[in-house]
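Read off the chains here:
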Amino acid sequence: MDRPKHSPLSLLAQAIVALAVSALILVLALLGYVQYVEGARAAGATRVEPLDIPGESLQLVYGTGRAVNGALEITGYQASDEGQIAIAVRRGAFSAEDFPLLRFGLDTDPGGPQVDLLWRLASEPGMVKSMPLSDTDAGSAWVDLARNPDWHGRVLEIGFYVTADDAGESVSLAHLTLEPRSGWGVLGSHWHDWTAYRGWSVRSINFLYGAVNADSLSPVVAAAAWSALAVVLLGVAALRSGRANGGAVLAVLLLAWIALDMLWQHELGAQLASTRQQFAGKTQEEKHLADIDSAMYRYIQHLKREVLPAQVSRIVILHNSKGHNFDRLKAQYYLLPNNSFNFGRVPPGERLHDVDYVLVLGDVPEVEFKPDAGSLQWKHGRRSLSVQRVDSAPMGSLYRVLPVAAEASGKT
Amino acid sequence: MMASLSIPGLLVALTLPWCLGCIWVYWLLRRTGQYNAFVVLGQGYFLGVFCTTLVIRVWDLLGFALNFWQLALVLLVISGCGLALQRWRPGPILRRRPEQPTPSWHLLVGTLLLALIAWRHITLVQELLLRPLYAWDAWMNWAPKAIVWFYHGSLVDFVNPEAWLSGSEDTYTLGNSQASRYPITVPLIQLWGMLGVGSWDHSGVYLPWVIAPLALGLGLYGHLRLAGVALLPALVACYLLLSLPYLNVHAVLAGYADIWVAAAFCLAVCALYQWQIARDWGYAVLWCLMAALCSQLKNPGVVLALIVLFFGLRLWVNLKPVLEIALWVVVAALAMWALVSGFDLQIPLLGHLAFDNGIFEIGRFGKFELAYHAVGAAFVETFFVMINWHLLWYLLLPCACFGVYRCVVQRKPATELLPVMAAMAFVVVVFVFTGYHIAASNFVTLNRVLLYPVPALIFCIGLWFRRREAAAAELQLSFAGSSL
């Protein structure tokens, strides 16, 4: 006699139960491993109490701030080479090995200041160690400090290092809590690694880690283990009941995929919030000025609007780099539709056929401008090109190639 | 650069090629009786975009300045010709396969998946429109050509740096010395958007990069439904494809060629599959066109186009299995002999083809030193650790086992998989046996090349969920086709 088929709702229920049991088993396994296996290894070590550092107890070294509900709200920054910075620390030594886990809370706007954890080691008191922290939406997040190779020995001070593009950007530093290793802490650190905002990088187009750090547990591996165990559980259930439940297996796989996809959607949503903060309501020009390459854009627009002629020019770009360099390639892109040759540190050859300008981006030691001779010289002065400097700025210098020089430049 | 934007121009630039393509795909397929609206929309978008780039090339060749509305008029005339042809030569009435009623829970789950796809792509569109051009190769290799052509109103030549130094004032070169030789279809897609928008510096130019995966999804769904896959598994296949983070990244960080190559190859495989079933010439034309598009997008696309053409030819010739095996043995023997003794040939269109002392030379593609490189770890990491492909490669392991079981035990050879497996073999050979192993180890191009066969792979796996009666009908049609 044929057994009745499972109803769709029953298949879904089986899949959800299997996934729930699978998740429970994996979580218990992790908690058990940390508690008993790692705990056994650390047997005999003194158990320390968590070290709680409320934001308001931090000492501001750079910048200004005020205590708000136990947190430290940064209200002012100090200008430095790296932008507007604020540093708040807690002084007092402790052993890094006693506190492999960090629980922290901070609240920033999307696209707001970059906040790093900073610490100083007794073994290298002159060096400041750091690692980036991400917004925790006013709650708490865990970080597994034990994975950081610089977290060892005696720590002299610990705190927050805040870098802002704009002095008006706000950040609230709620707390730092250093904790001994615990299963929940490890679990929390994995969750934080998967859900913390990562943002685009120039490498995003090539590959995507699903976590903050490359050495974090991959959410893909976790989802695969989670769904595989659920499938095994369904298989065991099918063997025991004698009823096939292939539909529930497919549902498990689809649900695990959707769960993983929600993590990715969360990242895309956070990225969009940050992008809105950066670009929304701006003209295209303003967007470029708010972008990561704004300095280069501003410089090239200055050249195009105030120095170069309206018609297209032939330009040789020189830069102290080999291969594909971001700055020099962006300069070429923003110079379009000007016609650029963008290779090398020195002008290409003794003759420059129909070249109008030479743009020296940044400092290029191989090339030297001799104002008295009115020439660019390279190869220790053995080669030269008659030019007129038409613009000089911190980003670079633009030289107009003199017509006679373009025809007869060569050995001096 | 900061010219005022033309919203009507942008809308026409986005929709006119799509309409044109749909009209002509419909014209091609309606006489076959084997189509649906999703196939027409999916294949139509890529055919329309391809046709637009060809019109721009011909227009420039004739010496006319590139003017958006004049080009749009030409596209409108081509669309009108397609419509007129359909009026004058009506095709047969569409043979609809009797559909089983779709259970309501299928519709419910399907709606949820569509909502997830919509949520994802609304996010992507907002991100794309807000952000200036971001992806590295987009502004280094592809967009500069379009910008220069937009400015000059003609397809000015791009040459290598040496030629630039000794060439005329009218030629350009790029910051990547290789990029001047890249095929020009992707810059032409960008140029068309720029002409429509009236500016080269607007994110709207890159909207086709979000539309392309959606059109691919429509095509995938349409072909699966046409093959007899039920609504829910066809939608699941679409969701799996359109939720892939790596595909999403190539949509939102727009401007690369790879998403177009992947789509053209997938739709060529879909058309090839449909042609294999019923041998309707409309599908033969379609897979030839998609292969041609593939070859015009990026250099690896030439190899993918050759793969499609080879398997199309194989289906057309339809040799008996014994004869085919004998032929493969001869080809393998000849290949071994050529590798051992070396060869040096001049092939028309391709150029110099030679193999000597472990170095393989293929015309304009350059020289490749063949040697084994251990890049397995990079493959494992991208397949199973990174989030690029979600759980796709984990799911492929049981799928591969099922495929072998289906092929060996159930004696159902998955011939539709052959072009995809050939494309996968191409990926493996390139990264394991040539200097490109570095680009695999540092992940610079590994995933980009893996993207090419992935949509087609999802199509092939989706086919395994055909209804039994559809599979049986297909088998009958296949036999009928093979006896022609």
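Here, the structure is the one placed above.
Q: Outline the interface of chain A and chain B, listing residues and values.
A: Accessible area lost when the parts come together is the quantity often used to give the size of an interface. Taken residue by residue, the interface counts 72 residues in chain A and 76 residues in chain B. Considering only the surface of chain A that becomes buried against chain B, Ile205, Trp257 and Tyr333 of chain A emerge as the three largest contributors, covering 13% of it. The interface formed by chain A and chain B holds 1 salt bridge in total. Two residues, arginine 120 of chain B and aspartate 261 of chain A, come together in a salt bridge whose shortest N-O distance is 3.0 Å. For the pair chain A and chain B, the number of links is 27 residue pairs in polar contact (both at pLDDT 80 or more). Listed by contribution, the elements that provide at least two residues to the side of chain A that touches chain B are helix H3 (219-241), helix H4 (246-279), helix H5 (284-289), helix H6 (294-307), strand E13 (314-319), helix H7 (326-335) and strand E14 (339-341) of chain A. At 19 residues, the largest contribution of residues to the side of chain A that touches chain B is made by H4 of chain A. Here the side of chain A that touches chain B is built from residues that sort into 40 nonpolar, 23 polar and 9 charged.

Q: Summarise the nonpolar core; cite the residues concerned and give the values.
A: Counting 206 residues, the largest nonpolar core has Leu359 of chain A together with Phe46, Trp260 and Trp393 of chain B as the members making the most contacts within it. The leading source of residues in this core is helix H11 (residues 258-278) of chain B, at 17 residues. Beyond its immediate chain neighbours, meaning those up to four positions away, tryptophan 260 of chain B contacts Tyr45, Phe46, Val49, Ile189, Pro208, Trp209, Ala212 and Leu297 of chain B. Formed by 33 residues, the second largest nonpolar core is a distinct cluster that contains Tyr77, Ala86, Phe99 and Leu102 of chain A.

Q: Describe the packing of aromatic side chains, and please don't skip the residues or the numbers.
A: Within the structure shown, the criterion is met by 49 aromatic pairs over all chains. Judged by centre distance (5.2 Å) and plane angle (65 degrees), the rings of phenylalanine 341 of chain A and phenylalanine 343 of chain A are edge-to-face. What makes phenylalanine 341 of chain A buried here is its relative accessible area of 4%. By relative accessible area, phenylalanine 343 of chain A is classed as partly exposed at 21%. Taking 6.0 Å as the distance between ring centres and 80 degrees as the angle between the ring planes, the aromatic pair formed by phenylalanine 383 of chain B and phenylalanine 384 of chain B counts as edge-to-face. What makes phenylalanine 383 of chain B buried here is its relative accessible area of 12%. Among the aromatic residues, those joined into a ring-pair cluster are Tyr297, Phe326, Tyr333 and Tyr334 of chain A together with Trp136, Trp139 and Trp200 of chain B. In this arrangement the basic side chain of arginine 103 of chain A is found over the ring face of tryptophan 142 of chain A, its NZ or CZ atom lying 5.4 Å from the centre.

Q: Please set out the pattern of salt bridges residue by residue, giving values where relevant.
A: Oppositely charged side chains can pair when the atoms bearing their charge come close. Residue and element names in this part refer to chain B. For the structure shown, the criterion picks out 18 salt bridges over all chains. The partner of aspartate 137 in a salt bridge is arginine 448, and the shortest N-O contact between them spans 3.2 Å. Of this pair, aspartate 137 sits in helix H5 (residues 136-152) while arginine 448 is found in helix H19 (residues 446-451), placing the two residues 311 residues apart along the sequence. Arginine 448 matches aspartate 137 in its accessibility class, with the two residues each being buried.

Q: Lay out the packing of H5 of chain B against helix H7 (residues 185-197) of chain B with the relevant residues and their values.
A: Residues and elements named next belong to chain B. In contact at an axis separation of 8 Å, H5 and H7 are set at 45 degrees when each is read in the N-to-C sense. Put simply, H5 runs oblique to H7. Handedness of the crossing formed by H5 with H7: right-handed. Along the contact surface, H5 presents Trp142, Ala143, Lys145, Ala146, Ile147, Trp149 and Phe150, while H7 presents Val186, Pro187, Leu188, Gln190, Leu191, Met194 and Leu195. Residues belonging to the contact of H5 with H7 are distributed by class as follows: 12 nonpolar, 1 polar and 1 charged.

Here is what the cut-offs are and how they apply
Residues numbered from 1 in each chain as written. Chains lettered and ligands numbered in written order. Predicted model: local features only at pLDDT ≥ 70, side-chain atom pairs only at ≥ 80, totals over all residues. Heavy atoms only, no water. Contact = heavy atoms within 4.5 Å. Buried area = accessible area lost by both parts, 1.4 Å probe. Salt bridge = Lys/Arg side-chain N within 4 Å of Asp/Glu carboxyl O. Polar contact = N/O pair within 3.5 Å; in protein donor to acceptor, adjacent residues only side chain to side chain. Helix = DSSP H or I, 4+ residues; strand = E, 2+ residues; numbered from the N terminus. Nonpolar A, V, L, I, M, F, W, Y, C, P; charged D, E, K, R; others polar. Core = buried A, V, L, I, M, F, W, Y, C linked by side-chain atoms within 4.5 Å. Buried < 20%, exposed > 50% of the residue type's maximum accessible area, 1.4 Å probe, protein only. Phe/Tyr/Trp six-rings, centres within 6.5 Å; stacked < 30°, edge-to-face > 60°. Lys NZ or Arg CZ within 6 Å of the ring centre and 35° of its normal. Axes fitted to C-alpha atoms, helices over the stretch in contact; angles between N-to-C directions. Parallel < 35°, antiparallel > 145°, perpendicular 65-115°, else oblique. Left-handed = near helix turned anticlockwise from the far one by under 90°.

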